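Residue-level structure breakdown
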Amino acid sequence: MFDKNNINKDNNSYVGFGVGFGLLGGSLFAIVIGLVFGLIGDSIFPIVMALGSAFGMLFGIVIGAVMDYNKNKE
């Protein structure tokens, strides 16, 4: 169970920030790429939008986990 006497005061995690900013950055990247390819004539905007957001979240999770590992290692 939860031990009230053993509370880590610095228990903030960067994974949540990584997911949020990765989703936002991936979506913005996908919109730009989707619009560029949309002007060419290909209708791949939904695929690019989904993959851009997914890869942005994945990169955000990885970066947040690495930042947490480095913070907890010290």
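Residues numbered from 1 in each chain as written. Predicted model: local features only at pLDDT ≥ 70, side-chain atom pairs only at ≥ 80, totals over all residues. Heavy atoms only, no water.

1. Focus on the overall build of the protein chain
Basically, it comes down to this: Comment: elements are numbered from the N terminus, with helices defined as DSSP H or I runs of at least four residues and strands as E runs of at least two. A 1.4 Å probe rolled over the protein chains alone gives each residue an accessible area, and that area as a share of the maximum for its type sets the label: buried under 20%, exposed over 50%, partly exposed in between. Between two residues, a contact is recorded if the distance between any of their heavy atoms is within 4.5 Å. Calculation of accessible area relied on Shrake-Rupley with a 1.4 Å probe; when residues are assessed, cover is drawn exclusively from the protein chains displayed.
Along the protein chain, the regular secondary structure elements total two helices and zero strands. Expressed as a percentage of the 74 residues in the protein chain, the buried residues total 18%. At a minimum sequence separation of 6, the contacts of the protein chain that also span at least 24 residues come to 68%. Here the protein chain has roughly 5,900 Å² of accessible surface; of this, 71% comes from carbon and sulfur atoms.

2. Quick notes on the UniProt feature "transmembrane region" (unreviewed entry) in the protein chain
For clarity, the cut-off: UniProt positions are given in the numbering used here, feature names are shortened, and annotations may be inferred rather than shown by experiment.
Following the UniProt record, the feature "transmembrane region" (unreviewed entry) maps to residues 12-37 and 43-67 here. For residues 12-37, helix accounts for 88% and strand for 0%, while the C-alpha atoms at its two ends are 40 Å apart.

3. Regarding the side chain of Ser53
Looking at the secondary structure, you find Ser53 in helix 2 (residues 45-73). Taking relative accessible area as the criterion, Ser53 reaches 13% and is therefore assigned buried. Not counting chain neighbours up to four residues away, the residues in contact with Ser53 comprise Leu23, Gly26 and Ser27.

4. What about the side chain of Ser27?
Position of Ser27 relative to the elements: it lies in helix 1 (residues 15-40). In this view, Ser27 contacts Met49 and Ser53; residues no more than four positions away in its chain are not counted.

5. Some points on the environment of Met67
On the secondary structure map, Met67 appears in helix 2. You can call Met67 partly exposed: its relative accessible area is 39%.

6. Examining helix 2
Basically, it comes down to this: To estimate the expected span of a helix, count its residues, drop one, and scale the result by 1.5 Å.
Compared with the 42 Å implied by 1.5 Å per residue over 29 residues, the 42 Å span of helix 2 between its first and last C-alpha is a close match. Among all positions of helix 2, only Val48, Gly52, Ser53, Gly56, Gly60, Gly64 and Asp68 are buried.

7. A word on the environment of Gly52
Its location among the elements puts Gly52 in helix 2. The class for Gly52 is buried, based on a relative accessible area of 14%. On a C-alpha basis, the gap between Gly52 and Gly26 in space is 4.7 Å, while along the polypeptide they are 26 residues apart. If we ignore the near neighbours within four places in the chain, the residues touching Gly52 are Gly26 and Ala30.

8. Points about the environment of Phe17
The residue Phe17 is located in helix 1 in this model. Separated by 44 residues in sequence, Phe17 and Ile61 place their C-alpha atoms 8.6 Å apart.

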